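Examination of the molecular architecture
So you can see what is in the structure, the chains are spelled out below.
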Amino acid sequence: MSAQKGNRGEGETRQLDAVIIGAGFSGLYALYKLRDVMGMDVQVYETADGVGGAWYWNRYPGSRCDSESYYYCFSFSEELAQEWEWSGKYPEQPEIERYLNHVADRFDLRRDIQFSTRVASARFDDAANCWEVCTEQGERVRARYLISAVGCLSAANLPDIPGRDSFQGEAYHTAAWPREGVDVKGKRVGIIGTGSTGIQATPRIAAEAAHLTVFQRTPNFTVPARHTLFAPEDQAEIKKNYSAIFERTRRSPAGFPYFPIERKTLDVSAEERQQILEELWEEGGFKFLWGGFSDMMTDPAANALVSEFIRNKIRASVNDPETAELLCPTDHPYGSKRPPIDSDYYVSFNRDNVSLVDIRSAPIEAITPMGLRTQDAEYELDVLVFATGFDAMTGALLKIDIQGAGGRKLADAWAEGPRSYLGLQVAGFPNLFTITGPGSPSVLVNMPVSIEHHVDWISDCIERMRERGETRIEATEAAQDAWVEHVAEVSKMTLIGQADSWYVGANIPGKPRVVMPYTGGQPLYRERVEAVVNADYEGFEFRA
Ligand code: NA7
């Protein structure tokens with residue numbers, strides 16, 4: 001099936017086995033798997049001028065991983081795991097970018113990645129069972145398979161605030177932070193947004209700026225990371241245990257090497273509950289959520305107790321009671337928005353050079369040449385930071401003009417919200433695979449674990465097709481409908497739909513409100529996906 005790259009006559013369109021869009025964790029592993037393991041002829045297109053995806057773009061101060069290094073990484077190569085040294089628990093962006101560059105070099109991936117190239121359109125050729133992919137530079141290739149590795153949080157959301165472009169100072173979205181950094185020393189900085197990004201950036205900017213004003217629309221619950229560096233003996237211990245660690249990440253609900261406490265929040269006495277929560281808080285990180293009480297995300301009464309525990313921590317950290325109350329979330333359950341992990345976020349508000357502005361009660365009216373105006377005040381700023389998040393899970397794919405069988409546009413198919421079968425394929429879009437697509441657990445699971453699962457599934461599926469001489473795979477409408485319904489049903493069993501979060505598209509004006517990730521947890525998802533394969537890929541149609 002392999003056509004040789006470059007083996008084409010003048011004016012002929014290059015014919016490939018697969019095009020992969022994106023060179024982050026997903027694209028790198030997909031390229032390795034399809035090219036090196038399966039011998040396919042593959043081209044990766046990447047908008048940036050380097051590998052890394054989210055870890056290429058998010059260079060803002062304080063940008064670091066919320067999952068621990070030694071399981072937020074690839075598990076597919078034992079040699080890679082053994083040779084790479086993580087400096088500590090929660091690596092910052094430059095270290096993860098270095099890791100992904102190391103992966104690209106180690107597996108000689110760069111030669112099949114075309115950088116600084118954005119895919120503009122992809123059209124399915126029904127007669128030939130091929131995708132025709134065009135880049136913004138006008139390059140055109142054809143490929144049997146189109147693999148989306150565009151990431152779940154890669155289309156930046158720059159809110160359309162009146163006067164946005166009139167600002168005469170420096171303005172940056174955190175996901176387009178200049179490589180050379182931004183000097184905020186002695187400057188008046190404003191930051192809009194208190195999601196994971198704003199919460200990571202705030203203490204770092206506060207430490208340098210003359211003054212930092214945090215514009216908060218919704219207060220957020222955050223748990224301390226408690227970052228530490230690894231000693232040589234920690235490294236040795238991790239390396240000795242890698243296979244057991246990776247094995248646990250594949251079995252646990254959210255892709256971490258630990259499991260929730262079996263007892264329920266209300267089954268223990270108030271003293272014991274307090275003690276358990278205190279221990280989790282002291283340990284810090286995602287374990288507070290994913291290694292805590294198992295009913296935290298399903299039972300509102302349980303969640304209310306945990307949410308109040310965190311509010312009390314906020315009150316204990318912030319000196320000014322009024323500021324503390326403003327920082328206390330009361331409009332959504334803990335975990336229903338993507339929970340941030342922080343280093344000194346709440347205590348930043350004890351600094352003389354940091355102020356909190358509630359833009360829920362007095363919303364932003366306009367950005368002005370000098371700064372920002374809310375309903376009741378003017379703020380003069382030298383630097384304005386948009387930590388305003390992403391058009392998550394669908395934004396990056398929908399930026400590409402994708403037309404499936406019969407010329408049907410993906411934008412139309414997803415007009416009422418994303419629809420997929422297993423988060424892997426979309427009915428009407430044959431031979432298109434979506435790594436960590438909407439309808440799969442993706443963002444609710446430690447991402448590299450989700451990514452490896454999907455890439456392995458996709459490559460096994462393609463291998464099966466090769467063995468049988470098949471050239472087309474497509475999810476049926478019926479299977480997709482049933483899956484979409486199942487995803488919606490399962491989501492009602494959790495509290496995730498209760499917040500206006502990016503999980504449900506609520507952060508983007510006009511985006512349909514749909515719980516996009518599969519909330520049933522990784523084990524159940526893996527079971528369903530495996531059952532589909534064992535039933536001879538039930539719900540997919542193949543053609544020779
Ligand atoms: P998030 O989690 O979407 O947070 C964005 C923040 O920006 C959030 O506090 C929003 O308030 C705020 N926001 C967004 N638009 C506006 C407008 N128009 N006006 C005022 N405030 C606004 O993005 P992050 O980058 O922090 O994190 C994204 C993911 O990256 C994170 O979850 C990790 O997975 C890594 P809101 O809450 O909507 O009221």
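Residues numbered from 1 in each chain as written. Predicted model: local features only at pLDDT ≥ 70, side-chain atom pairs only at ≥ 80, totals over all residues. Heavy atoms only, no water.

**Some points on the site of the ligand**
We count it as follows: Residues are counted as near a molecule or strand when any one of their heavy atoms sits within 4 Å of it. Polar contacts, as counted here, are pairs of nitrogen or oxygen atoms within 3.5 Å of one another; within protein the pair requires one atom able to donate a hydrogen and one able to accept it, and residues that are adjacent in sequence qualify only if both atoms are side-chain atoms. For every accessible area listed, the method is Shrake-Rupley and the probe measures 1.4 Å; residues are considered covered only by the protein chains on display. The nonpolar class holds Ala, Val, Leu, Ile, Met, Phe, Trp, Tyr, Cys and Pro. Asp, Glu, Lys and Arg form the charged class, and all remaining residues, Gly among them, are polar.
Taken together, 20 residues lie near the ligand, and Thr194, Thr197, Arg217, Thr218 and Lys337 sit nearest. Interatomic distance of 2.4 Å between a side-chain N/O atom of Thr218 and an oxygen atom of the ligand. The backbone of Ala387 places a nitrogen or oxygen atom 3.3 Å from an oxygen atom of the ligand. When the free accessible area of the ligand is taken as 770 Å², the share hidden by the protein chains comes to 85%. Looking at the shell around the ligand, its residues break down into seven nonpolar, nine polar and four charged.

**Some points on the domain arrangement of the protein chain**
We apply this condition: As used throughout, domain bounds are those supplied by an automatic or database domain assignment. Any pair of residues with heavy atoms lying within 4.5 Å of one another is described as a contacting pair. Summed over both partners, the accessible area lost on bringing two parts together, with a 1.4 Å probe, is the buried area. By convention in these notes, a salt bridge is any Lys or Arg side-chain nitrogen within 4 Å of a carboxyl oxygen on Asp or Glu.
You can read the domains of the protein chain as domain 1 (14-155 + 392-543) and domain 2 (191-231 + 256-386). Look at where the C-alpha atoms of domain 1 and domain 2 centre, and you get two points 30 Å apart. Taken together, the contact pairs 28 residues of domain 1 with 34 residues of domain 2. Buried surface at the junction of domain 1 and domain 2, both sides included, amounts to about 2,600 Å², of which 57% is carbon and sulfur. At the junction of domain 1 and domain 2, the tally comes to two salt bridges. Its salt-bridge partner being Arg204, residue Glu92 comes within 2.5 Å of it at the nearest N-O pair. One can count 11 residue pairs in polar contact (both at pLDDT 80 or more) joining domain 1 with domain 2. Its residues placed into classes, the side of domain 1 that touches domain 2 shows 13 nonpolar, 10 polar and five charged.

**Here's the deal with the pattern of salt bridges**
The condition that has to hold: The rule is simple: take the accessible area with a 1.4 Å probe, protein chains only, and divide by the maximum for that residue type; under 20% is buried, over 50% is exposed, in between is partly exposed.
By the definition in use, this model includes 47 salt bridges. The partner of Asp105 in a salt bridge is Arg110, with the nearest N and O atoms 2.8 Å apart. Asp108 is the salt-bridge partner of Arg111, the closest N and O atoms lying 2.7 Å from each other. Look at Asp108 and you get partly exposed, because its relative accessible area is 39%.

**A few points about the nonpolar core**
Convention followed: In this description, a nonpolar core means a group of buried Ala, Val, Leu, Ile, Met, Phe, Trp, Tyr and Cys residues linked to one another through side-chain atoms lying within 4.5 Å. Helix and strand definitions follow DSSP, with helices as H or I runs of at least four residues and strands as E runs of at least two, each counted in order from the N terminus.
Grouped together as the largest cluster of nonpolar side chains are 130 residues, with contacts concentrated most on Tyr99, Phe288 and Phe540. Here this core gets eight residues from one element, more than from any other, and that element is helix α13 (residues 447-468). For this core, the domains that each give at least three residues are domain 1 (14-155 + 392-543) and domain 2 (191-231 + 256-386). When residues no more than four places from it in sequence are discounted, the contact partners of Phe540 are Tyr421, Leu422, Gln425, Trp457, Ile473, Glu474, Ala475 and Val532. Val119, Ala122, Ile400 and Val426 belong to the second-largest nonpolar core, a separate cluster that totals 24 residues.

**Examining the sheet that holds strand β15 (residues 378-380)**
Basically, it comes down to this: Strands were regarded as paired on the criterion that DSSP finds at least two bridges between them. Under this scheme, a helix contributes an axis fitted over its contacting stretch, all axes are lines through C-alpha atoms, and angles between N-to-C directions fall in the 0 to 180 degree range.
Spatial ordering of the open sheet is given by β13-β14-β15, a layout of three strands whose pairing is antiparallel. For this open sheet the edge positions go to β13 (364-367) and β15, each flanked by a neighbour on one side alone. In this sheet, neighbouring strand axes are inclined to one another by 20° on average, regardless of whether the strands run parallel or antiparallel. In the sheet, strand β14 (residues 371-374) pairs with β15 via three bridges, with the strands oriented antiparallel. When the bridges of β15 are listed, Gly371 appears paired with Glu380.

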